[in-house]
Amino acid sequence: MKNTIINILIFILAFNIMMIIFPEGKTQKYCKLTIKILIIIYIIDNVLFKGIVGIDNFLENLPEETHIYEREINIKSFNQEFIDLINENNFNKEEVIVDIVLNFTEDMNIKAVVKVNKLYSVDEQNNIKTILAEILKISENNIEIDL
């Protein structure tokens, strides 16, 4: 019951704030009608249906995280020649790198996910990371090798 009274007071407060914000006219009349209908629905809901609709339900369903800026560029989809040149110049024309996907992180750093054609040893993976870090001008820590 305490929750119901508090929520009705919140609706009435919203009604009074709306009266201050909107000048006399059609907008104020529409807002008055809308808030009165919401108050009536809320009271009927609490009396007859034991409070299925409530302000608390709306507040619980708010998203917890804001969307983070994400951008992904797949180099293979628009420039296969770039990957072929890297393989030709650094790996004796052997197809080591199949695809490169560049991701921009929250703080606008570049992270590269490199897809290779087979599983390589740790030394070979470090060599690939060094070569790509030099070419893409990013840190080796921001390069991930994926099979």
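Remember, it's a predicted structure, so these values are computed and weren't measured experimentally.

Things to note about the pattern of salt bridges
Item 1. Under the definition given, this model contains 1 salt bridge.
Item 2. Across the pair Glu144 and Lys111 runs a salt bridge whose closest N-O atoms are separated by 3.3 Å. With Glu144 in strand 4 (residues 143–146) and Lys111 in strand 3 (residues 110–116), the pair connects residues that are 33 residues apart, well separated along the chain.

Some points on helix 2 (residues 26–48)
Item 1. Given a rise of 1.5 Å per residue, 23 residues ought to cover 33 Å, and the 33 Å separating the end C-alpha atoms of helix 2 matches this to within 8%.
Item 2. Residues of helix 2 that are buried: Gln28, Cys31, Ile35, Ile39, Tyr42, Asp45 and Asn46.

A look at the environment of Ile12
Item 1. Along the chain, Ile12 turns up in helix 1 (residues 2–21).
Item 2. The exposure class assigned to Ile12 is partly exposed, which follows from its relative accessible area of 36%.
Item 3. Measuring from C-alpha to C-alpha, the distance between Ile12 and Ile35 comes to 8.2 Å, with 23 residues separating the pair along the chain.

Looking at the side chain of Asp99
Item 1. By the secondary structure assignment, Asp99 is in strand 2 (residues 97–104).
Item 2. Of the side chains bearing the opposite charge, Lys115 lies closest to the buried Asp99, which forms no salt bridge; the N-O distance is 4.7 Å.
Item 3. From its side chain, Asp99 meets the backbone nitrogen of Lys76 in a polar contact 3.3 Å long.
Item 4. Not counting residues within four places of it along the chain, the set of residues in contact with Asp99 comprises Asn74, Ile75, Lys76, Ile83, Val113, Val114 and Lys115.

Some words on the nonpolar core
Item 1. In terms of nonpolar packing, the biggest core is built from 20 residues, with Phe91, Ile97, Ile100, Ile128, Leu132 and Ile143 touching the most fellow members.
Item 2. Elements represented by at least two residues in this core include exactly helix 5 (80–90), strand 2, strand 3, helix 6 (122–136) and strand 4.
Item 3. At 5 residues, helix 6 tops the list of elements feeding residues into this core.
Item 4. With near-sequence residues (within four places) excluded, Leu132 lies in contact with Ile86, Ile97, Ile100, Val114, Lys137 and Ile143.
Item 5. One finds Ile8, Cys31, Ile35 and Ile39 within the second-largest nonpolar core, a separate group that totals 8 residues.

So, helix 6
Item 1. Its 15 residues place the ends of helix 6 21 Å apart at the C-alpha level, agreeing with the 21 Å of an ideal helix rising 1.5 Å per residue.
Item 2. Of all the positions in helix 6, only Ile128, Ile131, Leu132, Ala133 and Leu136 are classed as buried.
Item 3. Elements in contact with the buried residues of helix 6: helix 5, strand 2, strand 3 and strand 4.
Item 4. Two residues or fewer past helix 6, Lys137 is found with a positive phi of approximately 60 degrees.

Some words on the sheet that holds strand 4
Item 1. Within the open sheet, the 4 strands sit side by side as 1-2-3-4. Their pairing is mixed. Both outer strands of the open sheet, strand 1 (71–74) and strand 4, are each paired with one neighbouring strand and no more. Neighbour-to-neighbour, the strand axes of this sheet turn through a mean angle of 20 degrees, independent of strand direction.
Item 2. Across 4 bridges, strand 1 lies against strand 2 in antiparallel orientation. Paired with Ile73 across the strands is Leu102, a residue of strand 2.

Considering unusual backbone geometry
Item 1. Unusually for a residue other than glycine, Asn92 sits at a positive phi of about 50 degrees.
Item 2. Relative to the helices and strands, Asn92 is located in the loop between helix 5 and strand 2.
Item 3. On the basis of relative accessible area, Asn92 is assigned to the exposed category, the value being 72%.
Item 4. A positive phi is found at Lys137, a non-glycine position, where the angle reads about 60 degrees.

Quick notes on the rules
- Residues numbered from 1 in each chain as written.
- Predicted model: local features only at pLDDT ≥ 70, side-chain atom pairs only at ≥ 80, totals over all residues.
- Heavy atoms only, no water.
- Salt bridge = Lys/Arg side-chain N within 4 Å of Asp/Glu carboxyl O.
- Helix = DSSP H or I, 4+ residues; strand = E, 2+ residues; numbered from the N terminus.
- Expected span 1.5 Å × (residues − 1).
- Buried < 20%, exposed > 50% of the residue type's maximum accessible area, 1.4 Å probe, protein only.
- Lys, Arg positive; Asp, Glu negative; His and termini not counted.
- Polar contact = N/O pair within 3.5 Å; in protein donor to acceptor, adjacent residues only side chain to side chain.
- Contact = heavy atoms within 4.5 Å.
- Core = buried A, V, L, I, M, F, W, Y, C linked by side-chain atoms within 4.5 Å.
- Pairing = 2+ DSSP bridges.
- Axes fitted to C-alpha atoms, helices over the stretch in contact; angles between N-to-C directions.

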